[in-house]
Amino acid sequence: MFKTNRVSNAIHLKRKNPLLLFVGCALSLHTVSVFASQQEDINVYPPNWWVGMQHPEVELMIAGEDVADDEVSVAKGSVRITKSTALDSDNYLFVTLDTSAAKSQELVLTLTDDDGSKRDIRYTLKMRKDGSAERKGFGPEDAIYLITPDRFANGNANNDNVDGYKDKADRSFKGGRHGGDIKGIAENLDYIKEMGFTQIWTMPMLENAMEKYSYHGYSTTDYYNIDPRFGSNQEFIAFSQKADEHGIGVIMDMVLNHIGSNHAWMEDMPSSDWINNNGKFVGTTHKRESLHDPHAIESDVKGFSDGWFVPTMPDLNQRNPHLANYLIQNAIWWVETANLSGIRVDTYSYPDKAFLSQWTNRIMDEYPKFNIVGEEWSVNPAITAYWQAGSQRHDNYDSALPSVMDFPLQAAVVEALNNDESWNSGFISVYETLASDFLYGDPNNLVIFPDNHDMSRIYTQLGHDKEKWNMAMTLLLTTRGIPQVFYGTEILMGNEGSDDHGIIRSDFPGGWPSDSEKNTFTGKGLSDDERWAQERIKTLLGLRRSHPEVFKGELKHYAPVDGVYTYFRVASESTDSLADSSAKKLMVVLNKEPVDLKLAKYAKMFGANASLRRVSDGEIFKASDTISLPAMSANVFIVQ
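Residues numbered from 1 in each chain as written. Predicted model: local features only at pLDDT ≥ 70, side-chain atom pairs only at ≥ 80, totals over all residues. Heavy atoms only, no water.

J.: For this particular structure, what's the right way to read the overall build of the chain?
T.: A count of helical and extended segments in the chain gives 16 helices and 27 strands. For 640 residues, the compact-globule estimate of 2.2 N^0.38 gives 26 Å, and the chain sits close to it at 26 Å. Taken over the C-alpha atoms alone, the chain extends approximately 90 × 55 × 50 Å along its principal axes. Within the chain, buried positions represent 61% of all 640 residues. Sequence-distant contacts in the chain: of pairs separated by 6 or more residues, those separated by 24 or more amount to 72%. Summing over all exposed atoms, the chain offers an accessible surface of approximately 24,600 Å²; the carbon and sulfur share of this is 48%. Of the side chains in the chain, 62 bear a positive and 89 a negative charge, and the two mean positions are spaced by 4 Å. (Helix = DSSP H or I, 4+ residues; strand = E, 2+ residues; numbered from the N terminus. Rg over C-alpha atoms; globule rule 2.2 N^0.38 Å. Buried < 20%, exposed > 50% of the residue type's maximum accessible area, 1.4 Å probe, protein only. Contact = heavy atoms within 4.5 Å. Areas by Shrake-Rupley, 256 points an atom, 1.4 Å probe, with all protein chains shown as cover. Lys, Arg positive; Asp, Glu negative; His and termini not counted. Charge placed at Lys NZ, Arg CZ, Asp CG, Glu CD.)

This is the structure in structure tokens:
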């Protein structure tokens, strides 16, 4: 929108006379330099739409100089205009189309100015792909690979720097752009598949035209265009198609709470209330508890929801219905356009609560089998559970959000492994966290993880202890929920000595042509420990391919005793007869101290005649055996 030096995916409209449009480019947190260029285009968002949607209306944001007072009519095509609304800016017009009786077609909409001059917009209504509404989102049988695109693999060195974008590639700078891109991920789908991952979640890849620290993607400056340093919209669509051919779904990271300060809206807001706090920086309190506190005062609630993260991330006011529509339609547009299998929502609880209800319900109405996971960074399960659909809440709030990131379990796993065993420490923290699953609408649909892009890597959190890492990964890849693994965790990547995000998100070895000494994709240069870790992840994820029904089933666990924590995964069709020898089950045993484990203790779970095959070495045990397990063991058994 009104931006120079880039190709827009929006619908363009030619004016009879060239217009002088202005684009703001922030040089620092407080200084703005304005560049002028002659352009004849105005843009329409979303750039196209579909017929046959559950919600038949689409609101077009028409952005261009002096369009607000234009009258809109249908010059060609069969569609009904139900509303045309101008806000505070002269340069935006919101036009609602009713597509309920429409067929796929090319429309021509005419804008008529006060002086009688006319301008035509060509707008496409498409036919949806077969089965689009019934698309299946990611689920408990899946495993998610989280990638920082800029740091994973550089498939196209020619897009490392792009004219008009100030943040240039500098691989030596921890906060700089390193050159990873869509092509790099697409070229390594075989590796991702061989590791056993069935879903890819990348940090945002939409345009971030910021002066610096743009690599992470969370300062959106264009909601409808992939950042050209990652690739193009067509490359992203092709990547999603190629991933689907590999049996891998694509989860898009979306930011509803804020934009980047170089977004065109900051030069020309559609309405004066488009950005919270009158478009001026006021920091958020981060006190998410205020949303649930029965004693809270309204100013604390407002201080959390309306505050900005940092001065370069203006906070959006989703109470504005046109902005709300824009964000809802943008999400649906990407699901349809790129054939997404899921959405991850950044800073989920920070936007307006009523908007989040509207946003989730609209998307789930369109795609009833879809999945969306929200990031609510709280270790209090009562707060994280609040947002999941089906949970019992303290109020009548309507949330259609299917999944939440399980921060409480992540913290509990680290606490369990870093503390000694006693009646109130060690594995009891995991047990008690999982015992709180009654709070959730669907605990098996939570996304669980050892670490992510915003925290120290799990290997570092556990003191670079390989045995603790093994116990953590075994637990998190076999307990209830949908596991997410951050790229590099499979080779023990750490961040010793620094908690800087640029270090945590270090380059994946082998992703650059110059990485001649070490290559994770081929195994060249990996240490014995790194190879072992890689194989361990591959083995554990292989269980999801061979026993998907088990991971869609129940978790049954025994309270930890003397540093031994044992649990079972039971296929849903077999939970009525847990000791049935034909039931499909996994048994997992985690123990900190050496133990002679009498399997008869668990006979109720697998029956007296069952046998257990250990996944790591294939050894078979009888239900009556006693197994000697060394200290710091993590064993997975298939019950036969």
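J.: Would you mind going over helix α4 (residues 233–245) with me for this structure?
T.: Along an α-helix, a turn takes 3.6 residues, which lines up residues three or four apart on a common side. Here α4 contains 13 residues, and its C-alpha end-to-end distance of 19 Å stays within 8% of the 18 Å for a straight helix at 1.5 Å per residue. Buried residues belonging to α4 abut α2 (182–186), α3 (189–195), β11 (199–202), β13 (222–226), β14 (249–254) and α6 (321–338). Positive phi shows up at G247, right after α4, with a value of about 75°. (Expected span 1.5 Å × (residues − 1).)

J.: Just to check I follow, could you spell out the side chain of Q410 for this structure?
T.: Summarising the element assignment, Q410 is placed in helix α9 (residues 407–418). Exposure remark for Q410: the relative accessible area of 7% places this residue in the buried category. When residues no more than four places from it in sequence are discounted, the contact partners of Q410 are F449, P450, M455 and Q461.

J.: In this structure, what is going on with the pattern of salt bridges? I would like to understand it.
T.: Opposite charge on two side chains lets them pair, provided their charged atoms get close. Counted under the stated rule, the structure contains 31 salt bridges. A salt bridge links K538 to E535, with the nearest nitrogen and oxygen atoms 3.5 Å apart. With a gap of 3 residues between them, K538 and E535 both fall in helix α14 (residues 528–546), about one helical turn apart. Looking at K538, the relative accessible area reads 26%, which means it is partly exposed. On the accessibility criterion, E535 (41% relative accessible area) is partly exposed. Between K584 and E549 there is a salt bridge, with its nearest N and O atoms 3.8 Å apart. Taken together, the residues span a long stretch of sequence, with K584 in the loop between β21 (564–570) and β22 (585–591) and E549 in helix α15 (residues 548–551) at a distance of 35 residues. Residue class for K584 comes out partly exposed when judged on its relative accessible area of 40%. (Salt bridge = Lys/Arg side-chain N within 4 Å of Asp/Glu carboxyl O.)

J.: What should I look at first to understand the sheet that holds strand β5 (residues 71–76) in this one?
T.: Through backbone hydrogen bonds, the strands of a sheet pair up, either in parallel or in antiparallel fashion. Read from one edge of the open sheet, 4 strands run β3-β9-β8-β5, paired in mixed fashion. The open sheet has two free edges, formed respectively by β3 (49–51) and β5, since each of these has just one partner strand. Here the average twist between neighbouring strands, direction ignored, is 40°. Here β5 pairs with strand β8 (residues 105–112) via 5 bridges, running antiparallel. Looking at β8, one finds that E71 is bridged to T112. (Pairing = 2+ DSSP bridges. Axes fitted to C-alpha atoms, helices over the stretch in contact; angles between N-to-C directions.)

J.: For this particular structure, what's the right way to read the packing of α6 against helix α7 (residues 353–366)?
T.: As a packed pair, α6 and α7 sit with axes 10 Å apart at the nearest point and diverge in direction by 30°. When you trace α6 past α7, the crossing you get is right-handed. Of the residues in α7, those in contact with A324, N325, L327, I328, A331 and I332 of α6 are F355, Q358, W359, R362, I363 and E366. Taken together, the residues of the contact of α6 with α7 break down into 8 nonpolar, 2 polar and 2 charged. (Left-handed = near helix turned anticlockwise from the far one by under 90°. Nonpolar A, V, L, I, M, F, W, Y, C, P; charged D, E, K, R; others polar.)

J.: Could you clarify how one ought to interpret the packing of helix α12 (residues 466–476) against α14 in this entry?
T.: Two quantities define a packed helix pair, namely the angle between the axes and the distance from one axis to the other. One way to put it is that α12 packs onto α14 with a least axis distance of 11 Å and a crossing angle of 15°. Between α12 and α14, the interaxial angle falls into the category roughly parallel. Here the hand of the crossing between α12 and α14 comes out right-handed. Along its contact with α12, which presents K466, W469, N470, M473 and T474, the element α14 presents D529, W532, A533, R536, I537 and L540. (Parallel < 35°, antiparallel > 145°, perpendicular 65-115°, else oblique.)

J.: How should I be thinking about the sheet that holds strand β19 (residues 482–486) in this particular structure?
T.: Spatially, β17-β16-β15-β14-β11-β10-β19-β18 is the arrangement adopted by the 8 strands of the open sheet, whose pairing is parallel. Strands with a single pairing partner mark the edges of an open sheet, and in this sheet they are β17 (403–404) and β18 (447–448). Bridge analysis of strand β15 (residues 342–345) against strand β16 (residues 372–374) gives 3 bridges, and the strand direction is parallel. Opposite V345, over in β16, you have G374 as the bridge partner. Contacting β11 and β14, α4 crosses the sheet at an angle of about 140° to β14.

J.: Explanation requested: the pairing of β13 in the structure shown.
T.: Residues in a regular strand point their side chains to alternate faces of the sheet. Burial runs high along β13: 5 of the 5 residues are buried. Pairing of strand β12 (residues 206–207) with β13 involves 2 bridges; the strand directions are antiparallel. Within β13, the position partnered with E207 by the bridge is D222.

J.: How should the nonpolar core be read in this particular structure?
T.: Generally speaking, nonpolar side chains in soluble globular proteins are found buried as a group. Residues I192, F236 and W359 are the most contacted members of the largest nonpolar core, which totals 161 residues. At 11 residues, the largest contribution of residues to this core is made by α6. Not counting residues up to four positions away in its chain, the partners in contact with F236 are I182, M205, I226, V250, M252, W334, A338 and L340. (Core = buried A, V, L, I, M, F, W, Y, C linked by side-chain atoms within 4.5 Å.)

J.: Any chance you could explain a negative patch on the surface here in plain terms?
T.: A cluster of like negative charges, contributed by D66, D69, E71, D90, D114 and D115, occupies part of the molecular surface. Checked against the element boundaries, D69 lands in the loop between β4 (57–63) and β5. With a relative accessible area of 35%, D69 lands in the partly exposed category. (Patch = residues over 30% accessible without salt bridge, like charges linked within 9 Å, V, L, I, M, F, W, Y side chains within 5 Å.)

J.: Even after reading the chapter, I still don't get the confidence of the model for the chain, so can you show me in this structure?
T.: Any segment with low pLDDT has predicted coordinates that should not be analysed in fine detail. In the predicted model, the chain carries a mean pLDDT of 92, and 92% of its residues have values of at least 70. When the criterion is pLDDT under 50, residues 1–40 qualifies, and its contacts beyond four places in sequence or with other chains add up to 115 contacts. For the stretch residues 575–582, pLDDT sits under 50, and the model shows 16 contacts to residues farther than four places along the chain or on other chains. (pLDDT = per-residue confidence, 0-100.)

J.: What is the right way to look at the packing of aromatic side chains in this model?
T.: Each pair of aromatic rings is reported with the distance of its centres and the angle of its planes. As enumerated under the stated definition, the model contains 42 aromatic pairs in all. With 5.9 Å between their ring centres and 80° between their planes, F281 and W308 make a pair best called edge-to-face. With F281 in the loop between β14 and α5 (298–305) and W308 in the loop between α5 and α6, the pair connects residues that are 27 residues apart, well separated along the chain. Exposure remark for F281: the relative accessible area of 42% places this residue in the partly exposed category. By relative accessible area, which is 3% here, W308 ends up buried. Members of the aromatic cluster, each reached through a chain of ring pairs, are Y45, F94, Y223, Y224, F236, F239, W265, W274, Y326, W333 and W334. Taking NZ or CZ as reference, R177 lies 4.9 Å from the ring centre of F230, over its face. The residue whose ring lies beneath R457 is Y487, and the NZ or CZ to ring-centre distance is 5.0 Å. (Phe/Tyr/Trp six-rings, centres within 6.5 Å; stacked < 30°, edge-to-face > 60°. Lys NZ or Arg CZ within 6 Å of the ring centre and 35° of its normal.)

J.: Explain the environment of S572 to me, please; I cannot follow it from the model alone.
T.: Checked against the element boundaries, S572 lands in the loop between β21 and β22. Taking the relative accessible area as the measure of exposure, S572 reaches 47% and is therefore partly exposed. For the pair S572 and G511, spaced 61 residues apart in sequence, the C-alpha to C-alpha distance is 40 Å. Ignoring any residue separated from it by four or fewer positions in sequence, one finds S572 in contact with E549 and G553.

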